[in-house]
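Spelled out, the chains give:
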Amino acid sequence: MQAARRALNNSSAVQPPPWTPANLGDIVWTRPTGTIQAHPVVTWESLVGTTEAARQAAAPNTPTLLTYAFLTGVGTGVSGGVILSLPKGIFEGENGWTHGFVNDAMIGLGQGYATGIAGLVGAGCRSTPGVSGAQTTLRMQGTAPASTLPQGNLITANGITGAYFAGFNLVGTQTQGDGIYNAGLVIAYCTNPIVERMTFIGVSPGYDSKPAGETFQVNFFRSNSALIQDCELDGRDTSGTPTCASWGWNTADDAVVKRVWLHDNVVGMLTFWETVNIYTEDYWVDRAGYVTTGVSGAAAGINHEQSEGTILHMRPHLHMVGGRTGTTRAGKHISMHSVHADVGANLQVLEPDFEPIPTSSTGMLVVSSLVMYHPGSPGRYNMTDYATRYGYQYMFTDPTIIKNGVSLICSPQYVGTVAQPGGWNSKDPTVYYAKSNG
(Lines give C-alpha, C1' and ligand atoms only; values in the text may rest on other atoms or scores of the structure.)
Protein backbone atom coordinates (compact mmCIF):
# COMPACT_ATOMS: atom_id res chain seq x y z
CA MET A 1 0.00 0.00 0.00
CA GLN A 2 2.74 2.47 0.94
CA ALA A 3 4.73 1.48 -2.16
CA ALA A 4 1.75 2.45 -4.27
CA ARG A 5 1.51 5.76 -2.45
CA ARG A 6 5.20 6.46 -3.12
CA ALA A 7 4.75 5.60 -6.80
CA LEU A 8 2.08 8.29 -7.02
CA ASN A 9 4.75 10.86 -6.28
CA ASN A 10 7.68 9.27 -8.10
CA SER A 11 6.96 7.73 -11.48
CA SER A 12 10.70 7.24 -12.05
CA ALA A 13 10.99 4.87 -9.09
CA VAL A 14 11.83 1.19 -9.65
CA GLN A 15 8.69 -0.30 -11.15
CA PRO A 16 7.24 -3.73 -10.33
CA PRO A 17 7.51 -6.45 -12.99
CA PRO A 18 4.75 -6.62 -15.63
CA TRP A 19 1.66 -8.69 -14.90
CA THR A 20 -1.10 -10.37 -16.91
CA PRO A 21 -4.37 -12.04 -15.82
CA ALA A 22 -2.64 -15.39 -16.35
CA ASN A 23 -0.65 -14.56 -13.20
CA LEU A 24 -3.77 -14.35 -11.00
CA GLY A 25 -3.44 -17.91 -9.81
CA ASP A 26 0.33 -17.87 -9.29
CA ILE A 27 -0.07 -17.51 -5.53
CA VAL A 28 -2.12 -20.23 -3.84
CA TRP A 29 -4.64 -18.59 -1.51
CA THR A 30 -4.46 -19.78 2.08
CA ARG A 31 -7.49 -19.31 4.28
CA PRO A 32 -6.27 -16.70 6.78
CA THR A 33 -6.05 -16.97 10.54
CA GLY A 34 -5.02 -14.63 13.34
CA THR A 35 -5.74 -10.94 12.85
CA ILE A 36 -6.39 -8.94 9.66
CA GLN A 37 -6.67 -5.15 9.57
CA ALA A 38 -6.74 -5.23 13.40
CA HIS A 39 -9.78 -7.56 13.34
CA PRO A 40 -9.60 -11.13 14.74
CA VAL A 41 -10.49 -13.88 12.27
CA VAL A 42 -13.32 -16.16 13.41
CA THR A 43 -14.23 -19.31 11.47
CA TRP A 44 -17.78 -20.20 10.55
CA GLU A 45 -17.21 -23.75 11.84
CA SER A 46 -16.36 -22.52 15.34
CA LEU A 47 -19.67 -20.67 15.51
CA VAL A 48 -22.12 -23.29 14.22
CA GLY A 49 -20.91 -26.34 16.17
CA THR A 50 -19.45 -29.68 15.17
CA THR A 51 -22.61 -31.26 13.76
CA GLU A 52 -23.39 -28.45 11.31
CA ALA A 53 -19.73 -28.05 10.41
CA ALA A 54 -19.45 -31.78 9.63
CA ARG A 55 -22.60 -31.67 7.50
CA GLN A 56 -21.24 -28.77 5.46
CA ALA A 57 -17.81 -30.36 5.06
CA ALA A 58 -19.38 -33.60 3.81
CA ALA A 59 -21.43 -31.77 1.14
CA PRO A 60 -19.77 -28.37 0.51
CA ASN A 61 -21.64 -27.76 -2.74
CA THR A 62 -25.02 -28.09 -1.07
CA PRO A 63 -25.79 -24.42 -0.38
CA THR A 64 -25.54 -23.32 3.24
CA LEU A 65 -27.72 -20.41 4.31
CA LEU A 66 -26.24 -17.38 6.05
CA THR A 67 -29.29 -16.08 7.85
CA TYR A 68 -29.90 -12.61 9.21
CA ALA A 69 -30.11 -14.06 12.73
CA PHE A 70 -26.74 -15.79 12.37
CA LEU A 71 -24.89 -12.84 10.87
CA THR A 72 -26.16 -10.34 13.41
CA GLY A 73 -24.97 -12.63 16.21
CA VAL A 74 -21.37 -12.85 14.99
CA GLY A 75 -18.74 -10.74 16.73
CA THR A 76 -21.04 -9.40 19.40
CA GLY A 77 -19.03 -7.45 21.95
CA VAL A 78 -15.80 -7.44 19.92
CA SER A 79 -14.56 -3.88 19.46
CA GLY A 80 -14.41 -3.07 15.75
CA GLY A 81 -15.84 -6.43 14.75
CA VAL A 82 -14.36 -9.69 13.45
CA ILE A 83 -13.51 -11.12 10.04
CA LEU A 84 -15.84 -14.05 9.35
CA SER A 85 -13.99 -16.89 7.60
CA LEU A 86 -16.00 -19.31 5.43
CA PRO A 87 -14.79 -22.79 4.39
CA LYS A 88 -14.84 -24.08 0.83
CA GLY A 89 -18.33 -24.59 -0.54
CA ILE A 90 -21.42 -22.60 -1.52
CA PHE A 91 -23.05 -20.10 0.83
CA GLU A 92 -26.15 -18.02 0.22
CA GLY A 93 -27.64 -14.84 1.59
CA GLU A 94 -31.13 -15.21 2.96
CA ASN A 95 -33.77 -14.96 0.22
CA GLY A 96 -32.51 -11.93 -1.61
CA TRP A 97 -33.36 -8.68 0.13
CA THR A 98 -36.65 -9.71 1.73
CA HIS A 99 -35.32 -10.74 5.15
CA GLY A 100 -33.70 -8.80 7.94
CA PHE A 101 -31.28 -6.23 6.54
CA VAL A 102 -32.55 -2.76 5.77
CA ASN A 103 -31.51 -0.48 2.90
CA ASP A 104 -31.69 -3.26 0.34
CA ALA A 105 -28.63 -5.36 1.16
CA MET A 106 -28.55 -9.12 0.78
CA ILE A 107 -25.77 -9.21 3.35
CA GLY A 108 -25.07 -6.07 5.37
CA LEU A 109 -22.02 -5.59 7.57
CA GLY A 110 -21.12 -2.72 9.86
CA GLN A 111 -23.20 0.21 11.04
CA GLY A 112 -26.92 -0.43 10.60
CA TYR A 113 -26.34 -4.06 9.69
CA ALA A 114 -24.40 -6.92 11.30
CA THR A 115 -22.29 -4.65 13.49
CA GLY A 116 -19.96 -7.41 14.70
CA ILE A 117 -18.56 -8.30 11.26
CA ALA A 118 -15.86 -6.19 9.61
CA GLY A 119 -15.31 -8.41 6.57
CA LEU A 120 -15.56 -11.82 4.92
CA VAL A 121 -12.90 -14.25 3.73
CA GLY A 122 -13.10 -17.64 2.08
CA ALA A 123 -10.97 -20.63 1.16
CA GLY A 124 -10.25 -19.45 -2.40
CA CYS A 125 -11.89 -18.18 -5.58
CA ARG A 126 -12.09 -19.19 -9.24
CA SER A 127 -9.18 -17.02 -10.35
CA THR A 128 -7.12 -17.56 -7.19
CA PRO A 129 -7.92 -21.01 -5.82
CA GLY A 130 -6.98 -22.17 -2.39
CA VAL A 131 -5.19 -25.31 -1.32
CA SER A 132 -6.15 -28.29 -3.56
CA GLY A 133 -8.23 -25.91 -5.69
CA ALA A 134 -10.56 -24.94 -2.84
CA GLN A 135 -13.17 -22.27 -3.58
CA THR A 136 -15.81 -20.49 -1.55
CA THR A 137 -18.83 -19.08 -3.39
CA LEU A 138 -21.26 -16.56 -1.95
CA ARG A 139 -24.45 -15.89 -3.85
CA MET A 140 -28.04 -14.77 -3.41
CA GLN A 141 -30.70 -17.32 -2.43
CA GLY A 142 -33.22 -17.48 -5.26
CA THR A 143 -33.92 -14.33 -7.29
CA ALA A 144 -35.00 -10.81 -6.44
CA PRO A 145 -38.47 -9.55 -7.39
CA ALA A 146 -38.68 -8.05 -10.86
CA SER A 147 -38.36 -4.28 -11.05
CA THR A 148 -37.21 -1.56 -13.41
CA LEU A 149 -35.24 0.10 -10.59
CA PRO A 150 -32.09 -0.98 -8.77
CA GLN A 151 -32.92 -3.50 -6.06
CA GLY A 152 -29.90 -3.16 -3.80
CA ASN A 153 -26.49 -4.69 -3.18
CA LEU A 154 -25.34 -8.25 -2.79
CA ILE A 155 -23.00 -7.11 0.00
CA THR A 156 -22.90 -3.75 1.78
CA ALA A 157 -20.10 -2.80 4.19
CA ASN A 158 -20.90 0.42 6.04
CA GLY A 159 -18.84 2.58 8.39
CA ILE A 160 -16.07 0.03 9.06
CA THR A 161 -12.46 0.88 9.76
CA GLY A 162 -10.24 -1.69 8.06
CA ALA A 163 -12.99 -3.57 6.18
CA TYR A 164 -11.57 -6.66 4.48
CA PHE A 165 -12.90 -8.99 1.76
CA ALA A 166 -10.82 -11.75 0.18
CA GLY A 167 -10.62 -15.31 -1.06
CA PHE A 168 -14.11 -16.05 -2.39
CA ASN A 169 -16.36 -15.82 -5.45
CA LEU A 170 -19.24 -13.38 -5.35
CA VAL A 171 -21.82 -14.58 -7.86
CA GLY A 172 -25.01 -12.90 -9.04
CA THR A 173 -28.03 -15.03 -9.82
CA GLN A 174 -29.81 -12.54 -12.10
CA THR A 175 -29.47 -12.80 -15.88
CA GLN A 176 -29.11 -10.19 -18.59
CA GLY A 177 -32.42 -8.78 -19.76
CA ASP A 178 -34.55 -9.88 -16.79
CA GLY A 179 -35.20 -6.27 -15.70
CA ILE A 180 -33.58 -6.70 -12.29
CA TYR A 181 -30.66 -4.48 -11.38
CA ASN A 182 -28.38 -4.53 -8.37
CA ALA A 183 -24.81 -3.84 -7.33
CA GLY A 184 -22.21 -6.33 -6.13
CA LEU A 185 -19.91 -5.31 -3.27
CA VAL A 186 -20.51 -1.77 -2.00
CA ILE A 187 -18.09 -0.38 0.58
CA ALA A 188 -19.53 2.81 2.04
CA TYR A 189 -18.10 5.23 4.61
CA CYS A 190 -15.24 2.84 5.40
CA THR A 191 -11.59 3.72 6.06
CA ASN A 192 -8.65 1.78 4.62
CA PRO A 193 -10.75 -1.04 3.13
CA ILE A 194 -9.01 -3.86 1.24
CA VAL A 195 -10.48 -6.18 -1.41
CA GLU A 196 -8.17 -8.86 -2.79
CA ARG A 197 -8.02 -12.33 -4.34
CA MET A 198 -11.70 -12.33 -5.34
CA THR A 199 -13.69 -13.22 -8.45
CA PHE A 200 -16.90 -11.34 -9.21
CA ILE A 201 -19.30 -13.04 -11.63
CA GLY A 202 -22.45 -11.36 -12.94
CA VAL A 203 -22.98 -9.29 -9.80
CA SER A 204 -24.24 -6.01 -11.29
CA PRO A 205 -26.76 -6.33 -14.13
CA GLY A 206 -26.93 -2.90 -15.79
CA TYR A 207 -27.98 -1.19 -18.98
CA ASP A 208 -26.25 2.20 -19.14
CA SER A 209 -22.99 4.05 -18.47
CA LYS A 210 -24.79 6.55 -16.25
CA PRO A 211 -27.34 6.24 -13.39
CA ALA A 212 -29.72 4.56 -12.90
CA GLY A 213 -28.60 1.85 -15.31
CA GLU A 214 -24.96 2.25 -14.26
CA THR A 215 -24.71 -0.46 -11.65
CA PHE A 216 -21.38 -1.26 -9.96
CA GLN A 217 -19.65 -4.59 -9.54
CA VAL A 218 -17.45 -3.10 -6.82
CA ASN A 219 -18.05 0.39 -5.45
CA PHE A 220 -16.02 2.38 -2.95
CA PHE A 221 -18.40 5.12 -1.76
CA ARG A 222 -16.95 7.84 0.48
CA SER A 223 -14.31 5.32 1.57
CA ASN A 224 -10.80 6.79 1.52
CA SER A 225 -7.52 4.90 1.06
CA ALA A 226 -9.15 1.85 -0.51
CA LEU A 227 -7.05 -0.88 -2.11
CA ILE A 228 -8.27 -3.55 -4.55
CA GLN A 229 -5.78 -6.04 -5.95
CA ASP A 230 -5.49 -9.44 -7.64
CA CYS A 231 -9.17 -9.64 -8.57
CA GLU A 232 -11.18 -10.71 -11.62
CA LEU A 233 -14.38 -8.87 -12.55
CA ASP A 234 -16.26 -11.11 -14.98
CA GLY A 235 -19.09 -9.08 -16.51
CA ARG A 236 -21.06 -12.13 -17.66
CA ASP A 237 -23.96 -13.80 -15.91
CA THR A 238 -23.82 -17.48 -14.97
CA SER A 239 -24.95 -18.47 -18.48
CA GLY A 240 -21.99 -16.65 -20.00
CA THR A 241 -23.98 -13.68 -21.34
CA PRO A 242 -22.51 -10.20 -20.72
CA THR A 243 -24.69 -8.35 -18.21
CA CYS A 244 -22.65 -6.12 -15.88
CA ALA A 245 -21.94 -2.40 -15.99
CA SER A 246 -19.33 -0.28 -14.20
CA TRP A 247 -17.16 -0.36 -11.13
CA GLY A 248 -15.15 2.25 -9.25
CA TRP A 249 -14.97 5.08 -6.75
CA ASN A 250 -17.45 7.77 -5.69
CA THR A 251 -16.09 10.68 -3.61
CA ALA A 252 -13.38 8.41 -2.20
CA ASP A 253 -9.80 9.69 -2.19
CA ASP A 254 -6.40 7.95 -2.46
CA ALA A 255 -7.60 5.08 -4.64
CA VAL A 256 -5.27 2.19 -5.43
CA VAL A 257 -5.92 -0.53 -8.06
CA LYS A 258 -3.32 -3.26 -8.59
CA ARG A 259 -3.60 -6.24 -10.93
CA VAL A 260 -7.34 -6.21 -11.60
CA TRP A 261 -8.92 -7.72 -14.73
CA LEU A 262 -12.29 -6.49 -16.03
CA HIS A 263 -13.75 -8.36 -18.98
CA ASP A 264 -16.96 -9.01 -20.92
CA ASN A 265 -19.11 -6.31 -19.34
CA VAL A 266 -22.12 -5.15 -21.30
CA VAL A 267 -21.60 -1.44 -20.68
CA GLY A 268 -19.66 0.92 -18.40
CA MET A 269 -16.08 0.99 -17.13
CA LEU A 270 -13.76 1.73 -14.24
CA THR A 271 -14.92 5.16 -13.08
CA PHE A 272 -13.47 7.62 -10.59
CA TRP A 273 -16.04 10.23 -9.54
CA GLU A 274 -14.83 13.08 -7.30
CA THR A 275 -11.66 11.20 -6.40
CA VAL A 276 -8.44 12.94 -5.36
CA ASN A 277 -5.22 10.95 -5.97
CA ILE A 278 -5.43 7.78 -8.05
CA TYR A 279 -2.91 5.02 -8.70
CA THR A 280 -3.46 1.98 -10.95
CA GLU A 281 -0.96 -0.71 -11.77
CA ASP A 282 -1.55 -3.37 -14.45
CA TYR A 283 -5.27 -2.73 -14.77
CA TRP A 284 -6.62 -4.87 -17.64
CA VAL A 285 -9.75 -4.30 -19.72
CA ASP A 286 -10.89 -6.83 -22.31
CA ARG A 287 -14.12 -6.73 -24.36
CA ALA A 288 -15.92 -3.87 -22.65
CA GLY A 289 -19.20 -2.67 -24.13
CA TYR A 290 -19.77 -6.15 -25.43
CA VAL A 291 -23.21 -5.76 -27.03
CA THR A 292 -24.62 -3.16 -29.40
CA THR A 293 -28.33 -3.30 -28.56
CA GLY A 294 -30.44 -3.12 -25.43
CA VAL A 295 -28.14 -0.71 -23.60
CA SER A 296 -27.03 2.90 -23.94
CA GLY A 297 -23.71 4.61 -23.40
CA ALA A 298 -20.21 3.42 -24.15
CA ALA A 299 -17.47 1.56 -22.35
CA ALA A 300 -14.24 3.51 -21.91
CA GLY A 301 -11.00 2.13 -20.56
CA ILE A 302 -10.55 4.32 -17.49
CA ASN A 303 -12.98 7.16 -16.78
CA HIS A 304 -12.35 10.13 -14.48
CA GLU A 305 -15.15 12.57 -13.66
CA GLN A 306 -14.67 15.60 -11.41
CA SER A 307 -11.46 13.99 -10.14
CA GLU A 308 -8.05 15.53 -9.58
CA GLY A 309 -4.83 15.34 -7.58
CA THR A 310 -1.94 13.08 -8.58
CA ILE A 311 -3.14 10.47 -11.09
CA LEU A 312 -0.83 7.73 -12.33
CA HIS A 313 -1.80 4.73 -14.49
CA MET A 314 1.03 2.25 -14.86
CA ARG A 315 0.85 -0.22 -17.76
CA PRO A 316 -2.93 -0.19 -18.30
CA HIS A 317 -4.14 -2.78 -20.81
CA LEU A 318 -7.04 -1.14 -22.65
CA HIS A 319 -8.59 -3.53 -25.16
CA MET A 320 -12.24 -2.55 -25.07
CA VAL A 321 -13.03 -3.91 -28.54
CA GLY A 322 -11.21 -7.14 -27.82
CA GLY A 323 -10.75 -8.11 -31.46
CA ARG A 324 -14.47 -7.97 -32.22
CA THR A 325 -15.66 -6.46 -35.49
CA GLY A 326 -18.73 -4.32 -36.13
CA THR A 327 -18.88 -2.71 -32.71
CA THR A 328 -18.88 1.07 -32.34
CA ARG A 329 -19.65 1.16 -28.63
CA ALA A 330 -16.11 1.21 -27.31
CA GLY A 331 -15.36 4.58 -25.72
CA LYS A 332 -12.10 6.47 -25.41
CA HIS A 333 -9.08 4.82 -23.79
CA ILE A 334 -8.85 7.48 -21.07
CA SER A 335 -11.57 10.01 -20.26
CA MET A 336 -10.88 12.96 -17.99
CA HIS A 337 -13.80 15.28 -17.31
CA SER A 338 -13.45 17.87 -14.57
CA VAL A 339 -14.17 21.52 -13.92
CA HIS A 340 -12.18 21.50 -10.69
CA ALA A 341 -8.52 21.83 -11.64
CA ASP A 342 -5.85 21.64 -14.32
CA VAL A 343 -6.02 17.87 -14.22
CA GLY A 344 -3.64 17.16 -17.09
CA ALA A 345 -0.72 18.69 -15.21
CA ASN A 346 -0.75 15.74 -12.79
CA LEU A 347 -2.09 12.94 -15.01
CA GLN A 348 0.42 10.34 -16.25
CA VAL A 349 -0.11 7.13 -18.22
CA LEU A 350 3.02 4.98 -18.35
CA GLU A 351 3.48 2.30 -21.03
CA PRO A 352 -0.17 1.69 -21.93
CA ASP A 353 -1.03 -1.39 -24.01
CA PHE A 354 -4.03 -0.45 -26.14
CA GLU A 355 -5.86 -1.43 -29.28
CA PRO A 356 -7.50 1.02 -31.69
CA ILE A 357 -11.03 2.13 -30.99
CA PRO A 358 -13.52 2.25 -33.89
CA THR A 359 -13.40 6.06 -34.18
CA SER A 360 -9.60 6.26 -34.43
CA SER A 361 -8.47 5.02 -37.83
CA THR A 362 -4.75 5.44 -37.18
CA GLY A 363 -4.84 3.63 -33.86
CA MET A 364 -3.71 6.40 -31.54
CA LEU A 365 -4.40 6.25 -27.83
CA VAL A 366 -7.33 8.63 -27.29
CA VAL A 367 -7.88 10.85 -24.26
CA SER A 368 -11.21 12.61 -23.88
CA SER A 369 -11.27 15.90 -21.99
CA LEU A 370 -14.67 17.52 -22.54
CA VAL A 371 -16.68 18.31 -19.42
CA MET A 372 -20.16 16.85 -19.52
CA TYR A 373 -21.41 18.68 -16.43
CA HIS A 374 -22.54 22.27 -16.09
CA PRO A 375 -20.17 24.11 -13.71
CA GLY A 376 -23.10 25.12 -11.53
CA SER A 377 -24.09 21.53 -10.84
CA PRO A 378 -23.62 20.09 -7.32
CA GLY A 379 -20.09 19.17 -6.37
CA ARG A 380 -17.78 19.31 -3.39
CA TYR A 381 -15.49 21.97 -4.90
CA ASN A 382 -15.92 25.63 -5.85
CA MET A 383 -16.35 25.69 -9.62
CA THR A 384 -16.50 29.47 -10.06
CA ASP A 385 -13.03 29.81 -11.61
CA TYR A 386 -13.91 27.44 -14.43
CA ALA A 387 -17.48 28.56 -15.08
CA THR A 388 -16.54 30.33 -18.31
CA ARG A 389 -14.96 27.19 -19.74
CA TYR A 390 -18.14 25.12 -20.06
CA GLY A 391 -18.22 23.37 -23.45
CA TYR A 392 -14.47 23.70 -24.05
CA GLN A 393 -11.44 21.51 -23.55
CA TYR A 394 -10.89 21.63 -19.80
CA MET A 395 -7.28 20.59 -19.51
CA PHE A 396 -5.00 23.62 -19.51
CA THR A 397 -2.01 21.23 -19.50
CA ASP A 398 -1.86 18.11 -21.67
CA PRO A 399 -1.43 14.84 -19.74
CA THR A 400 1.81 12.88 -20.00
CA ILE A 401 1.58 9.67 -22.02
CA ILE A 402 4.74 7.56 -22.26
CA LYS A 403 4.92 4.65 -24.70
CA ASN A 404 8.06 2.61 -25.41
CA GLY A 405 9.98 5.06 -23.29
CA VAL A 406 8.91 8.02 -25.47
CA SER A 407 6.70 10.85 -24.29
CA LEU A 408 3.96 11.07 -26.92
CA ILE A 409 2.92 14.41 -28.39
CA CYS A 410 -0.66 15.55 -27.89
CA SER A 411 -2.68 15.89 -31.11
CA PRO A 412 -5.88 17.75 -30.19
CA GLN A 413 -9.11 17.42 -32.09
CA TYR A 414 -10.07 20.93 -30.97
CA VAL A 415 -8.36 23.85 -29.29
CA GLY A 416 -11.19 25.52 -27.42
CA THR A 417 -13.96 25.27 -30.02
CA VAL A 418 -11.64 25.49 -33.04
CA ALA A 419 -11.21 22.26 -35.01
CA GLN A 420 -7.60 21.44 -35.86
CA PRO A 421 -6.59 20.72 -39.47
CA GLY A 422 -6.69 17.02 -40.21
CA GLY A 423 -8.22 16.21 -36.87
CA TRP A 424 -6.57 13.62 -34.63
CA ASN A 425 -7.02 10.69 -36.99
CA SER A 426 -4.09 11.58 -39.21
CA LYS A 427 -1.08 11.14 -36.94
CA ASP A 428 1.48 8.41 -36.24
CA PRO A 429 0.42 6.53 -33.04
CA THR A 430 4.07 5.87 -32.14
CA VAL A 431 4.66 9.63 -31.92
CA TYR A 432 1.27 11.14 -31.00
CA TYR A 433 -1.74 10.52 -28.82
CA ALA A 434 -5.14 12.07 -29.48
CA LYS A 435 -7.11 14.47 -27.32
CA SER A 436 -10.78 14.29 -28.20
CA ASN A 437 -13.53 16.73 -27.33
CA GLY A 438 -16.05 14.01 -26.53
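Residues numbered from 1 in each chain as written. Predicted model: local features only at pLDDT ≥ 70, side-chain atom pairs only at ≥ 80, totals over all residues. Heavy atoms only, no water.

1. Looking at the overall build of the protein chain
- Each helix and strand counted, the protein chain has 4 helices and 33 strands in total.
- When contacts within the protein chain are restricted to residue pairs at least 6 apart in sequence, those whose partners lie at least 24 apart make up 76%.
- Taken as a whole, the protein chain presents about 16,300 Å² of accessible surface, with 53% of it coming from carbon and sulfur. (Helix = DSSP H or I, 4+ residues; strand = E, 2+ residues; numbered from the N terminus. Contact = heavy atoms within 4.5 Å. Areas by Shrake-Rupley, 256 points an atom, 1.4 Å probe, with all protein chains shown as cover.)

2. Topic: the confidence of the model for the protein chain
- Looking at the protein chain as a whole, its pLDDT mean stands at 84, while 77% of the residues score no less than 70.
- Per-residue pLDDT stays below 50 along residues 1-12; that stretch engages in 18 contacts with residues further than four places along the chain or on separate chains. (pLDDT = per-residue confidence, 0-100.)

3. Side note on the pairing of strand β17 (residues 246-250)
- Across the 5 residues of β17, 5 count as buried, placing the element largely inside the fold.
- In this sheet, β17 lies alongside strand β15 (residues 216-221) in parallel orientation, the contact comprising 4 bridges. If you follow Asn-219 over to β17, its bridge partner there is Gly-248. (Buried < 20%, exposed > 50% of the residue type's maximum accessible area, 1.4 Å probe, protein only. Pairing = 2+ DSSP bridges.)

4. What to know about unusual backbone geometry
- Although it is not a glycine, Arg-259 adopts a positive phi angle of roughly 55 degrees.
- At Asp-264, a position not held by glycine, the phi torsion is positive, near 60 degrees.
- The residue Asp-264 is located in the loop between β18 (255-263) and β19 (270-273) in this model.
- On the basis of relative accessible area, Asp-264 is assigned to the buried category, the value being 3%.

5. Some thoughts on the pattern of salt bridges
- Under the criterion given, the structure shown has 13 salt bridges.
- Among the salt bridges present, the one from Glu-232 reaches Arg-126, with a minimum N-O distance of 2.5 Å. Taken as a pair, Glu-232 in strand β16 (residues 227-234) and Arg-126 in the loop between β7 (117-121) and β8 (136-140) lie far apart in primary sequence, 106 residues in all.
- By relative accessible area, Arg-126 is classed as partly exposed at 35%.
- The salt bridge involving Arg-287 is made with Asp-264; its shortest N-O contact spans 2.7 Å. Here Arg-287, found in the loop between β20 (276-286) and β21 (302-305), pairs with Asp-264, found in the loop between β18 and β19; they are 23 residues apart in sequence, far enough to count as distant.
- Owing to a relative accessible area of 25%, Arg-287 belongs among the partly exposed residues under this scheme.
- Taken together, the salt bridges that share partners define one network made up of Arg-126, Glu-232, Asp-234, Arg-236, Asp-264 and Arg-287. (Salt bridge = Lys/Arg side-chain N within 4 Å of Asp/Glu carboxyl O.)

6. Some points on the packing of aromatic side chains
- Scanning the model with the defined rule gives 6 aromatic pairs in all.
- Plain terms: the ring middles of Trp-44 and Phe-91 are 5.4 Å apart, the flat faces sit at 80 degrees to each other, and that makes the pair edge-to-face. Within this pair, whereas Trp-44 is found in helix α2 (residues 44-48), its partner Phe-91 is found in strand β5 (residues 89-93), the two being separated by 47 residues in sequence.
- A relative accessible area of 2% places Trp-44 in the buried class. (Phe/Tyr/Trp six-rings, centres within 6.5 Å; stacked < 30°, edge-to-face > 60°.)

7. Brief notes about the nonpolar core
- In this structure, Phe-165, Leu-170, Val-195, Phe-200, Ile-228, Trp-247 and Trp-249 are the most contacted members of the largest nonpolar core, which totals 90 residues.
- Ranked by the residues each element gives to this core, the list is headed by β18, at 5 residues.
- Apart from residues no more than four positions distant in its own chain, Val-195 is found in contact with Phe-165, Leu-185, Ile-187, Phe-200, Phe-220, Leu-227, Ile-228, Gln-229 and Cys-231. (Core = buried A, V, L, I, M, F, W, Y, C linked by side-chain atoms within 4.5 Å.)

8. A short note on the environment of Gly-152
- Following the sequence through the fold, Gly-152 ends up in strand β9 (residues 150-158).
- Put simply, Gly-152 and Tyr-181 are 29 residues apart on the chain and 7.7 Å apart in space, counted from C-alpha to C-alpha.

9. Points about the side chain of Asp-286
- Relative to the elements of secondary structure, Asp-286 occurs in strand β20.
- The side chain of Asp-286 is buried and forms no salt bridge, while Arg-287, the nearest opposite charge, is found at 4.9 Å.
- Here the side chain of Asp-286 touches Trp-261 through a polar contact of 3.0 Å, side chain to side chain.
- With near-sequence residues (within four places) excluded, Asp-286 lies in contact with Trp-261, Leu-262, His-263, Asp-264, His-317 and His-319. (Lys, Arg positive; Asp, Glu negative; His and termini not counted. Polar contact = N/O pair within 3.5 Å; in protein donor to acceptor, adjacent residues only side chain to side chain.)

10. Some thoughts on the environment of Trp-249
- Positionally, Trp-249 belongs in strand β17.
- On the basis of relative accessibility, which here comes to 0%, the residue Trp-249 falls in the buried class.
- Trp-249 sits 29 residues away from Ile-278 along the chain, and the two C-alpha atoms are 10.0 Å apart.
- If near-sequence neighbours (up to four positions away) are discounted, Trp-249 is found in contact with Asn-219, Phe-220, Ala-226, Ile-228, Ala-255, Val-256, Val-257, Leu-270, Thr-271, Phe-272, Trp-273 and Thr-275.

11. Observations concerning the side chain of Glu-196
- By the secondary structure assignment, Glu-196 is in strand β13 (residues 194-196).
- Buried within the structure, Glu-196 lacks any salt-bridge partner; its nearest side chain of opposite charge belongs to Arg-197, at an N-O separation of 5.7 Å.
- In contact with Glu-196, other than residues within four places in its own chain, are Tyr-164, Phe-165, Ala-166, Gly-167, Gln-229, Asp-230 and Cys-231.

12. Here we look at the state of the cysteines
- Within this structure, the stated rule accounts for 0 disulfides.
- Summary of cysteine pairing: Cys-231 is not part of a disulfide, and the nearest cysteine sulfur, belonging to Cys-125, is at 7.3 Å. (Disulfide = S-S within 2.5 Å.)

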